[in-house]
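Chain residues, written in single-letter form:
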Amino acid sequence: MAKQRKHIKVTYSTLGSPDPLLHEYFEEDVADLKNNLGKRYKMRINGEWVEGAGTFENRSPINTDWLLGVFARASADHVDQAVAAAKAAFPVWRDTPWQERCALINRVADLISERLFEISAAVSMEIGKNRLEAIGDVEETADLIRYCVDAMKDNQGFDRQLLSESDQHFNRSVLKPYGVWGVIGPFNFPAALTGGPTGAALIAGNTVVLKPAAEGSLTACLISQCIADAGLPAGVFNMVLGGDEPGIALTANPDLAGLTFTGSYEVGMSIIKSFTTAAGYYRPVIAEMGGKNPTIVSAKADLDKAALGVMRSAFGLTGQKCSACSRVYVDAAVKDEFLNKLVDLAAEIKVGDPTDADTYMGPIISENAYEAYQRYIDEMGEGQILTGGETLDIGGGYFVAPTVVTDLPADHRLWQHEMFAPIVAVRGIEGPDEAMRLANDVALGLTAGLYSEDPAEVEWFLDNIEAGVLYVNRATGATTGAWPGYQSFGGWKGSTGSNKGAGSWYYLQQYMREQSHTIVGS
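Residues numbered from 1 in each chain as written. Predicted model: local features only at pLDDT ≥ 70, side-chain atom pairs only at ≥ 80, totals over all residues. Heavy atoms only, no water.

> Is there a simple way to think about the overall build of the chain in this case?
Along its length, the chain carries 15 helices and 24 strands. For 522 residues, the compact-globule estimate of 2.2 N^0.38 gives 24 Å, and the chain sits close to it at 23 Å. Seen along its three principal axes, the alpha-carbon backbone of the chain occupies a region of about 75 × 60 × 45 Å. Every one of the 522 residues in the chain was classed for burial, and the buried ones make up 58%. For the chain, contacts bridging at least 24 residues in sequence account for 74% of all contacts bridging at least 6. Surface accessibility of the chain: about 20700 Å² in total, with carbon and sulfur atoms responsible for 49%. Put simply, the chain has 43 plus and 66 minus side-chain charges, and the middle of one group is 6 Å from the middle of the other. (Helix = DSSP H or I, 4+ residues; strand = E, 2+ residues; numbered from the N terminus. Rg over C-alpha atoms; globule rule 2.2 N^0.38 Å. Buried < 20%, exposed > 50% of the residue type's maximum accessible area, 1.4 Å probe, protein only. Contact = heavy atoms within 4.5 Å. Areas by Shrake-Rupley, 256 points an atom, 1.4 Å probe, with all protein chains shown as cover. Lys, Arg positive; Asp, Glu negative; His and termini not counted. Charge placed at Lys NZ, Arg CZ, Asp CG, Glu CD.)

> Even after reading the chapter, I still don't get the pattern of salt bridges, so can you show me in this structure?
Opposite charge on two side chains makes pairing possible when the charged atoms of those side chains draw close. Using the criterion set out here, one finds 22 salt bridges in the structure. Here Arg131 makes a salt bridge to Glu27, at a shortest N to O gap of 3.0 Å. Placement of Arg131 in helix α6 (residues 131-154) and of Glu27 in helix α2 (residues 20-34) is noted, with a sequence separation of 104 residues between them. The exposure class of Glu27 is partly exposed, given its relative accessible area of 41%. The residue Asp454 makes a salt bridge to Lys300 at a minimum N-O spacing of 2.8 Å. Residue Asp454 is located in the loop between β21 (447-451) and α15 (455-464), and its partner Lys300 is located in the loop between β13 (293-297) and α11 (303-315); the two are separated by 154 residues in the primary sequence. For Lys300, a relative accessible area of 45% translates into the label partly exposed. What you see here is one network of salt bridges that share partners, running through Asp110, Glu139, Asp143 and Arg146. (Salt bridge = Lys/Arg side-chain N within 4 Å of Asp/Glu carboxyl O.)

> Mind showing me how you'd approach the sheet that holds strand β4 (residues 55-59) here?
Picture the strands of a sheet paired through backbone hydrogen bonds; they go either parallel or antiparallel. Read from one edge to the other, the open sheet built from three strands follows the order β1-β5-β4, with strand pairing classed as mixed. Among the strands making up the open sheet, the edge pair consists of β1 (39-41) and β4. Here the average twist between neighbouring strands, direction ignored, is 30 degrees. Across three bridges, β1 lies against strand β5 (residues 67-72) in parallel orientation. Considered in β5, the bridge of Arg40 is made with Val70. On top of the sheet, helix α8 (residues 217-229) reaches β1, β4 and β5; it is set at about 65 degrees to β5, its chief contact. (Pairing = 2+ DSSP bridges. Axes fitted to C-alpha atoms, helices over the stretch in contact; angles between N-to-C directions.)

> Looking at this structure, I do not really get the nonpolar core. What am I missing?
For soluble globular proteins, nonpolar side chains are generally found buried alongside one another. Counting 133 residues, the largest nonpolar core has Ile112, Ile203, Leu232, Ile423 and Leu508 as its most contacted members. For this core, the element with the highest residue contribution is α6, accounting for ten residues. By size, the runner-up hydrophobic cluster in this structure holds 28 residues, among which are Ile62, Leu303, Met311 and Leu342. (Core = buried A, V, L, I, M, F, W, Y, C linked by side-chain atoms within 4.5 Å.)

> Is there a simple way to explain the sheet that holds strand β14 (residues 325-331) in this structure?
Taken together, the seven strands give an open sheet; going across it, the order is β15-β18-β19-β14-β13-β21-β22, and neighbouring strands pair in mixed fashion. Each having just a single partner strand, β15 (384-387) and β22 (469-472) make up the two edges of the open sheet. Across this sheet, the average inter-strand angle for adjacent strands is 20 degrees, counted without regard to direction. Of the strands in this sheet, β15, β18 (403-406) and β19 (423-429) touch helix α13 (residues 367-379), which is tilted by about 25 degrees from β19. On top of the sheet, α15 reaches β13, β21 and β22; it is set at about 170 degrees to β22, its chief contact.

> How should the pairing of β4 be read in this particular structure?
Every regular strand shows the same layout, with side chains that alternate between the two sheet faces. Of the two faces of β4, the one holding Phe56 and Asn58 is buried and the one holding Thr55, Glu57 and Arg59 is not buried anywhere. Relative to β5, β4 runs antiparallel, the two sharing five bridges. Residue pairing in the sheet places Glu57 in a bridge with Val70 of β5.

In structure tokens form, the structure reads like this:
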């Protein structure tokens, strides 16, 4: 039976001063989840919950003794079955009036909001997000879906009249869905970056096969239950679970018409190169492939604001955001003062169980990530670690310390490599031109931040930085914190496969292709 609760509208702004009931509801659902550990979860194919070719376990990075669930593992055959079901369902879904599709998918968003705390409890325990970030992830999912519903409504289904040569000619442009659309999601935003693209593809009239990150399987199952309960026809939405094998099988399926991928640059570029040409013609890939996000701190900056913004963006979600701030270029004249403030803030961070109200930083996601963090620290012998640089023995999980390092050599690989760990490197620079050159000297271009109280420097930054999401003087996050309708979110250069951002005017159209109609009357 659904719990009767007050509706709490969540955005990043309201999370700054949350309703006390938010904490009460979250803690109730964390307790419920802890009382129901180890349940079995199935895949979703052709309107049915189905078993796999074996199972895999998901354990919490907070405490590896917590078995969150046992999940059906998809074989390549299961992936092919899911694609076949989606292909068979496509003609009817495509021909469903866009108003009806929007109503059904809007119901999905409403169910996600209704189950906000149940799903966010899973996100926190499964991924290690603190409670406010977990709640934000889930509500952002609903808002991403609603934003695409509104885009379809605002554009009246993207059916527009063109110029006509005479009264006997009727010309129009129509955007139509591609067919079966694949969604491969990341672990770090297991709700927003699976549910958001899935909703967009469905609203556009595509059918979907979702393959979430294995670490985010519980969250994906709860989102999938919302989709099932909304009443979509069989085969319109399908979900397969597992590690690399089902993802590889999905991208290799010739009946897949388009794909949304969120993950690493290396994997994303490999998919783009193979997927777009394997069918003998172009197939679209909407890819977001990480970032190596810089912050520039001017001599004219408010250093308290700069240090707070960098701290939040470097260490939120244990540094495991594609938008995390991992490098800072600060004017040499204020470098020491800035570092003192940043180190003091980092030293105050509460690391621990992210379901606790006072925890800011939870565990890193896995044993592999835990070991990678240690390798990064070992590589920093040439620099100076000012705080952090160690693993933490907390409750049987993968906990590491927030780390600030300075004076790394200019050619050190960690200025270029996306670490996905709570490590930020700080370098003093002699002026804005050097800062901009260094900030742009990477293959990736997702987010970037500036702190300066000089309007001329602000315009210079906006005109010259090579990144898709820019923040200026933002205390809540130097490089992080986009929300649908408030900030578009998409990268430049190697961070993107499409150069369009989610949560803005140009995103939904990527899930459709244009067709021109000319009808001549008698």
